[in-house]
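Topology and contacts: notes
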Amino acid sequence: MVTLRRGDSRRSFRLDSLPSEVPGARLIVRWVPVLQIAIVVVAAVVSVVLRRRVPVELGLSPYDGLLFARNARTMEHGAWLGTFSPLTLAKGPGYPLFIAVSHAAGIELKVAEQVVYLAAVATVALAVLAVSRRRWLATGAFVVLALDPANFSGASSSIMRDNVFASLGLLAVGLGFLTSLGVVRQSRWWWLVAGASGTGATGALYWLTREEGATLLPPLGLAVAGVLLVAWWARRRRKPETRLGRPSFAKAGVALALTALAAVAPLAFVRAENSARYGAALDNDMAEGAFLRAYADWSRVEAGPRAYRIPITADQRAAVYPVSAAARELRPQLEALDNRWRHYGCQDMTRVCDYAGGWMVWAIRDAAASAGHFRDEAGAQRFFTRLSQEIVAACDDGRLRCAATLPASLQPIQRAPLGLLAHSFVTLSKDLITVQGLYETPGVAPNVPLKMRVSGRVRAEYLAVVDGIPVDAQAAAAQSAIFAGRRWQYELLGNVYRVLVPLLVITGIGGAVTSAVRTVRRREAPSYLLVLALALAAGVAIRLFLLALIHTAEYDAAQARYQFPGYFLMMAFGVVGIAAGLRGPRSVEDPARKPVKRARELDDDQTAGTNEQHVGGRRHGSHTEPIARVRHPDRADERGGVRVVAGRPEHGMGI
């Protein structure tokens with residue numbers, strides 16, 4: 001803001017709407033946007049450089065990093081997910097596809113991941129700009145989010161899908177909000193087509209990347225439906241600048257259709273490809289299909305005492321074997337004391353343990369493969385369908401005592417005591433706000449145990465599809481040594497954000513509450529930014545509940561990489577909540593004076609022969625100093641790229 005004094009009066013102006021009498025006004029108006037764009041570009045470049053310098057950690061697990069690299073390689077060779085095995089459809093193809101596309105484009109994988117994150121951050125900053133018209137606020141939001149040290153941590157440095165999954169979720173919500181905002185503001189068709197197509201495609205890739213893709217639907221639905229509801233409310237209160245008419249309904253229909261088409265088409269392609277090659281039209285068989293249902297049905301059998309984080313106890317298995325021929329086929333493998341999956345959840349490796357939640361699923365799948373039921377996906381689906389049907393039949397006729405049937409993904413609720421579930425939710429929420437483990441820098445090669453060192457064969461598998469990783473152990477050691485000398489930069493940034501993030505979240509909550517109170521007191525339509533803030537908050541709450549459920553009923557979910565989806569939404573909520581709490585664009589003369597009333601007072605003083613009013617002007621003899629020119633306070637006009645609404649010029653985007 002710039003303040004001018006004249007006598008005893010003062011007037012304040014925004015930098016992007018200065019009147020011509022301000023010294024250097026044209027120069028300021030011309031160069032301020034250039035400076036803001038430069039700041040955004042520098043922040044984006046710095047974030048990419050910081051991400052690129054972090055050593056990439058190569059995992060040894062064939063169930064995680066190696067699986068993604070192998071699937072990406074077969075995709076590049078045109079063989080889709082390759083020869084079928086029990087792991088082929090265990091995880092969605094989204095991340096391997098991302099790896100393959102990055103490699104084909106010649107972009108380092110971690111740079112590509114950072115670009116996706118920056119795109120998500122840009123949608124948040126664009127939303128702040130589009131609604132608040134505050135360029136510096138949007139610029140600051142982008143910088144704070146772009147330099148987030150969580151992207152430079154050890155949890156983000158491995159070949160894992162969690163970081164890009166979180167970025168895709170934020171990107172989808174941001175694009176959905178901007179597209180719906182464009183609908184109610186009558187934006188150009190090209191913007192609506194691009195926004196709707198981007199929202200659908202991003203949502204589809206999100207769905208294909210991890211098994212909990214459905215968690216995107218509530219925040220995205222709230223963001224889109226909330227914008228439309230606010231516009232409808234404003235129309236009822238006869239606010240012309242936000243009225244919905246037939247063109248808006250037409251554009252809304254087209255945008256919805258394009259979003260659905262862009263989302264459904266990739267999912268349909270994946271299902272068709274899996275059906276043709278492996279015999280089952282599934283995205284992956286861990287989140288849908290017969291396996292998840294059979295696992296849920298077995299876990300709801302009531303036999304013996306419940307054990308902490310043991311989804312299917314020895315008593316439950318023993319109860320099912322007599323009533324299910326399919327379960328008896330798994331018995332030799334599952335009950336073997338030397339089964340490797342028994343020991344992963346043990347606190348004491350010297351004794352025989354039962355299967356913990358994170359590993360029971362793999363034990364059952366391996367047992368089914370040993371029994372010959374994983375030769376193709378169609379055969380596996382038939383086997384697990386039979387297993388589920390036999391358990392359900394025994395529950396129905398009383399041979400087994402079973403808990404109620406819930407959706408398969410929600411069945412663990414029955415194994416999660418309410419008090420313990422609430423405690424897990426609170427603990428994980430505290431860890432999220434205080435960024436526990438999210439900024440820890442990756443270790444260096446000399447500190448890695450010998451058994452965890454990456455062999456030449458494993459490194460070669462990664463090198464085939466991942467750019468930007470050292471070609472051998474010596475190069476990896478040199479890269480780690482260079483990073484060790486720069487570690488202080490990342491630790492300093494992390495320390496700054498450890499203080500900043502709680503303040504950002506608290507202030508964001510205060511801003512959202514302020515916006516809501518202002519809405520109730522004035523009985524007006526809520527701010528669009530309040531809608532976005534609530535949608536982001538809903539996404540954070542859903543993610544925390546899911547993690548709390550897993551943490552209580554399955555395995556330890558208090559891991560940094562699992563927090564990424566909720567963390568990115570929480571950071572976006574902080575900046576959007578702050579923006580929502582600030583007052584919207586007002587008259588450029590006196591923010592405390594109602595522009596409509598002032599404009600009507602000037603009606604009688606208008607010079608004959610003109611239809612325009614000088615709002616906020618001061619007369620000197622017969623001369624009036626114009627600050628903002630409008631036709632009528634109840635009419636909107638477009639002039640010279642500046643939208644004039646209710647006596648105030650609105651600079652910025654047209655959406």
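In this text the structure is predicted, and so the values were computed from the model without any measurement.

The number of helices and strands found in the protein chain is 21 helices and nine strands. Scored against the burial criterion, the 655 residues of the protein chain give a buried share of 51%. Put simply, 72% of the contacts in the protein chain that link residues at least 6 apart link residues at least 24 apart. Accessible surface, the protein chain: about 29,700 Å² in total, of which carbon and sulfur atoms supply 61%.

Now for the state of the cysteines. Going through the model one piece at a time under the given rule, you end up with one disulfide. Two residues, C395 and C402, share a disulfide whose sulfurs are 1.9 Å apart. Across the S-S bond linking C395 and C402, the dihedral sits near -70 degrees, which makes this disulfide left-handed. Residue classification places C395 among the buried positions, given a relative accessible area of 14%.

A few words now on the pattern of salt bridges. Inspection of every chain in the model, using the stated rule, returns 27 salt bridges. In this structure, the salt-bridge partner of E335 is R317, at a minimum N-O distance of 2.7 Å. Highlighted residues: E335 in the loop between helix 13 (325–334) and helix 14 (357–370) and R317 in helix 12 (residues 314–320), separated in sequence by 18 residues. Taking the relative accessible area as the measure of exposure, E335 reaches 27% and is therefore partly exposed.

Our next topic: the packing of helix 7 (residues 162–184) against helix 20 (residues 560–581). The geometry of a pair of packed helices is captured by two quantities: the angle between their axes and the separation between those axes. Contact geometry of helix 7 with helix 20 gives a least axis separation of 8 Å together with a crossing angle of 30 degrees. Considering the angle they form, helix 7 stands roughly parallel to helix 20. In this structure, helix 7 meets helix 20 at a crossing whose hand is right-handed. In contact with D162, N163, F165, A166, S167 and L170 of helix 7, helix 20 contributes R561, Y562, F564, P565, F568, L569 and A572. Of the residues contributing to the contact of helix 7 with helix 20, the split by class is nine nonpolar, two polar and two charged.

On to a nonpolar patch on the surface. Taken together, I37, V41, V45 and V49 make up a surface patch of nonpolar side chains, about 330 Å² in accessible area. Note that V49 resides in helix 1 (residues 25–53).

Okay, the nonpolar core next. F177, W298, L334, I364, F384 and Y567 are the most contacted members of the largest nonpolar core, which totals 163 residues. For this core, the leading source of residues is helix 4 (residues 109–132), giving 15 residues. Residues in contact with L334, not counting those within four places in the same chain, are W298, R317, Y321, N339, R342, Y355, M360, A363, I364 and A367.

We now examine helix 3 (residues 94–105). Turn by turn, an α-helix covers 3.6 residues, leaving residues three or four places apart pointing in a common direction. Between its first and last C-alpha, helix 3 extends 17 Å over twelve residues, near the 16 Å set by a 1.5 Å rise per residue. Where helix 3 is concerned, the buried positions are G94, Y95, P96, F98, I99, A100 and S102. As for helix 3, its buried residues are in contact with helix 2 (65–76), helix 4, helix 7 and helix 8 (189–209). Note on helix 3: the residue one or two positions beyond its end, G106, has a positive phi of about 75 degrees.

This brings us to the side chain of E288. Following the sequence through the fold, E288 ends up in the loop between helix 10 (246–278) and helix 11 (290–299). Polar side-chain contacts of E288 include one of 2.9 Å to the side chain of R271. Among the polar contacts listed, one links the side chain of E288 to the backbone nitrogen of D283, at a separation of 3.0 Å.

Between helix 11 and helix 15 (residues 377–396), whose axes approach to 8 Å, the crossing angle comes to 25 degrees. The angle between the axes of helix 11 and helix 15 places the two elements in the roughly parallel class. Judged by the twist between their axes, the crossing of helix 11 over helix 15 is left-handed. Facing A290, F291, R293, A294, D297 and W298 of helix 11, the residues of helix 15 in contact are Q381, F384, T385, L387, S388, I391 and V392.

For R309, which is not glycine, the phi torsion reads 60 degrees and is therefore positive. Tracing the backbone through its elements, the reader meets R309 in the loop between helix 11 and helix 12. Judged by its relative accessible area of 18%, R309 is buried. Phi angles above zero are rare outside glycine, and V435 is one such case at about 50 degrees. With respect to the helices, strands and loops of the structure, V435 is situated in the loop between helix 16 (418–433) and helix 17 (456–463).

Here we come to helix 4. With 24 residues, helix 4 should reach 34 Å at 1.5 Å per residue; the first-to-last C-alpha distance of 35 Å fits that figure. Two residues or fewer past helix 4, R133 is found with a positive phi of approximately 60 degrees.

Here we come to the side chain of E377. Checked against the element boundaries, E377 lands in helix 15. Among buried charged residues, E377 stands out as having no salt bridge; its nearest opposite-charge side chain is R365, 5.5 Å away. Ignoring sequence-local partners within four residues, the contact set of E377 consists of F84, L89, Y278, A280, L282 and D285.

Scanning all chains against the criterion turns up 21 aromatic pairs. Their ring planes at 90 degrees and their centres at 5.4 Å tell us that F68 and Y95 sit as a pair that is edge-to-face. Remark: Y95 occurs in helix 3 and F68 occurs in helix 2; sequence separation between them is 27 residues. Each member of the pair, F68 together with Y95, is buried. Grouped by ring-pair contacts, the aromatic residues F84, Y278, F291, Y295, F374, F383 and F384 constitute a single cluster. Over the ring of W189 we find K251; its NZ or CZ atom is 5.4 Å from the centre of that ring.

Put simply, the protein chain has an average pLDDT of 83, and 80% of its residues get 70 or more. Scored below 50 in pLDDT, residues 444–451 makes eight contacts in the model with residues more than four places away or belonging to other chains.

Moving on: the environment of F142. As for its position among the elements, F142 is in helix 5 (residues 135–146). For the pair formed by F142 and V124, sequence separation is 18 residues and the distance between their alpha carbons is 7.6 Å. When residues no more than four places from it in sequence are discounted, the contact partners of F142 are V40, A43, A44, L118, V121, A122 and A125.

Residue position: A263 is located in helix 10. Taking the C-alpha atoms as reference, A263 lies 4.1 Å from G200; in sequence the two are 63 residues apart. Not counting residues within four places of it along the chain, the set of residues in contact with A263 comprises G200, A201 and A204.

Calculation notes
- Residues numbered from 1 in each chain as written.
- Predicted model: local features only at pLDDT ≥ 70, side-chain atom pairs only at ≥ 80, totals over all residues.
- Heavy atoms only, no water.
- Helix = DSSP H or I, 4+ residues; strand = E, 2+ residues; numbered from the N terminus.
- Buried < 20%, exposed > 50% of the residue type's maximum accessible area, 1.4 Å probe, protein only.
- Contact = heavy atoms within 4.5 Å.
- Areas by Shrake-Rupley, 256 points an atom, 1.4 Å probe, with all protein chains shown as cover.
- Disulfide = S-S within 2.5 Å.
- Salt bridge = Lys/Arg side-chain N within 4 Å of Asp/Glu carboxyl O.
- Axes fitted to C-alpha atoms, helices over the stretch in contact; angles between N-to-C directions.
- Parallel < 35°, antiparallel > 145°, perpendicular 65-115°, else oblique.
- Left-handed = near helix turned anticlockwise from the far one by under 90°.
- Nonpolar A, V, L, I, M, F, W, Y, C, P; charged D, E, K, R; others polar.
- Patch = residues over 30% accessible without salt bridge, like charges linked within 9 Å, V, L, I, M, F, W, Y side chains within 5 Å.
- Core = buried A, V, L, I, M, F, W, Y, C linked by side-chain atoms within 4.5 Å.
- Expected span 1.5 Å × (residues − 1).
- Polar contact = N/O pair within 3.5 Å; in protein donor to acceptor, adjacent residues only side chain to side chain.
- Lys, Arg positive; Asp, Glu negative; His and termini not counted.
- Phe/Tyr/Trp six-rings, centres within 6.5 Å; stacked < 30°, edge-to-face > 60°.
- Lys NZ or Arg CZ within 6 Å of the ring centre and 35° of its normal.
- pLDDT = per-residue confidence, 0-100.

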